[in-house]
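Results of the structural survey
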Amino acid sequence: MTNAAALPGQPRGGAIGGPASARAHCVLAPNPSAMTLDGTNTWIVAEPDSDLAVVIDPGPLHEGHLANVVATVEQAGRRVGLTLLTHGHADHAEGASRFVELTGTRVRALDPALRLGDEGLAGGDVVTTGGLELRVVPTPGHTSDSLSFHLPADGVVLTGDTVLGRGTTMVAHPDGRLGEYLDSLRRLRSMTVDDGVHTVLPGHGPVLADARGAIEYYLAHRASRLAQVETAIENGYRTAPEVVAHVYADVDRSLWPAAELSVRAQLEYLGERDLI
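Here's what I pulled together on the structure shown here. (Residues numbered from 1 in each chain as written. Predicted model: local features only at pLDDT ≥ 70, side-chain atom pairs only at ≥ 80, totals over all residues. Heavy atoms only, no water.)

Bringing the side chain of Ser146 into the picture now. Take Ser146: it is sitting in the loop between β8 (134-138) and β9 (147-151). Under the relative-accessibility criterion, Ser146 is labelled buried at 3%. Sequence-distant contacts of Ser146, that is, excluding residues within four places in its chain, are made with Thr86, His87, Pro138, Thr139, Pro140 and Thr162. (Helix = DSSP H or I, 4+ residues; strand = E, 2+ residues; numbered from the N terminus. Buried < 20%, exposed > 50% of the residue type's maximum accessible area, 1.4 Å probe, protein only. Contact = heavy atoms within 4.5 Å.)

Below, the structure is given as structure tokens:
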């Protein structure tokens, strides 16, 4: 992640956590930081009349948080039927193995190394646990294994780190690639036009009630940063640290290491297109 300033998309006010739609409930992990904002959003999704729930991103290896997720599911009269991962970063996935011990479920992910069970995930898959319909949307770019989950019954998309509730997302070079990330944003934007998606349930930060506005902001922000990086190169700033110090001078220095990853991805993108 980079700058954590507010962005368009009508962030929902109030405490982060609790019900977000008819089928989605957030349990906020106690791991706040400059990179994770308020903490990781662990999502519990279920059909209203089902006794099974799907948990998306159990979060860090924190016993209290994992127990809280299980308790929240059980208090709703359900049990965990399946665990899904948006991607493999530790703040989303490190607790998955322990969560399996607590719940006896499988973990499905795009990356085979993160799976616990025989089934993985791929774009176009539909998860139907407990009568729920969750459509798997490939959204690489932040990482190569990033996925989003479309919950059509509620008109929402769960984006992991691809779109955040505040600020913008780093492209975690070299695994993350800017060209793929831009394609993923365009894919999400098309869902707001063609598939009835109106709300983003992010991996960090508040719910965004204007999905299209948020995603269009992300695309505009990326275009602006890319132009700034290109100009910096033309003005003699050659290395990624030099470009970060020049282009990201308005960003908290604690976030410069993440910004440098994004700059490296931008330099790669520009070089591949013979623009620098």
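The next subject is the environment of Gln228. Residue placement: Gln228 occurs in helix α5 (residues 211-234). Looking at Gln228, the relative accessible area reads 32%, which means it is partly exposed. Distance from Gln228 to Gly123, taken between C-alpha atoms, is 33 Å for residues 105 residues apart in sequence.

Turning our eyes to something else, we now look at the pairing of β9. Successive side chains on a regular strand alternate, one facing one side of the sheet and the next facing the other. Counting buried positions along β9 yields five of five residues, so the element is predominantly enclosed. Neither face of β9 is exposed, since Leu147, Phe149 and Leu151 on one face and Ser148 and His150 on the opposite face are all buried. Where β8 and β9 come together, four bridges link them in antiparallel fashion. Within β9, the position partnered with Val136 by the bridge is Phe149. Strand direction decides the pairing type here: β9 and strand β10 (residues 156-160), joined by three bridges, are antiparallel. Bridging across to β10, His150 finds its partner in Val157. Hairpin connection, β9 to β10: the antiparallel pair is bridged by four residues, and Gly155 has positive phi, about 65 degrees. (Pairing = 2+ DSSP bridges.)

Side chains carrying opposite charge are able to pair once their charged atoms draw close together. Here the structure, examined in full by the defined rule, presents 16 salt bridges. Asp183 is paired through a salt bridge with Arg186; the nearest N and O atoms lie 3.0 Å apart. With a gap of three residues between them, Asp183 and Arg186 both fall in helix α4 (residues 178-194), about one helical turn apart. By relative accessible area, which is 42% here, Asp183 ends up partly exposed. On the basis of relative accessibility, which here comes to 39%, the residue Arg186 falls in the partly exposed class. (Salt bridge = Lys/Arg side-chain N within 4 Å of Asp/Glu carboxyl O.)

Spatial strand order, β7-β8-β9-β10-β11: five strands in an open sheet with mixed pairing. Edge positions in the sheet fall to β7 (126-127) and β11 (199-202), since each has one partner strand and no second. Alignment of β7 against β8, held across two bridges, turns out to be antiparallel. Paired with Val127 across the bridge in β8 is Leu134. Lying over the sheet, α4 contacts β8, β9 and β10, oriented at roughly 145 degrees with respect to β8. (Axes fitted to C-alpha atoms, helices over the stretch in contact; angles between N-to-C directions.)

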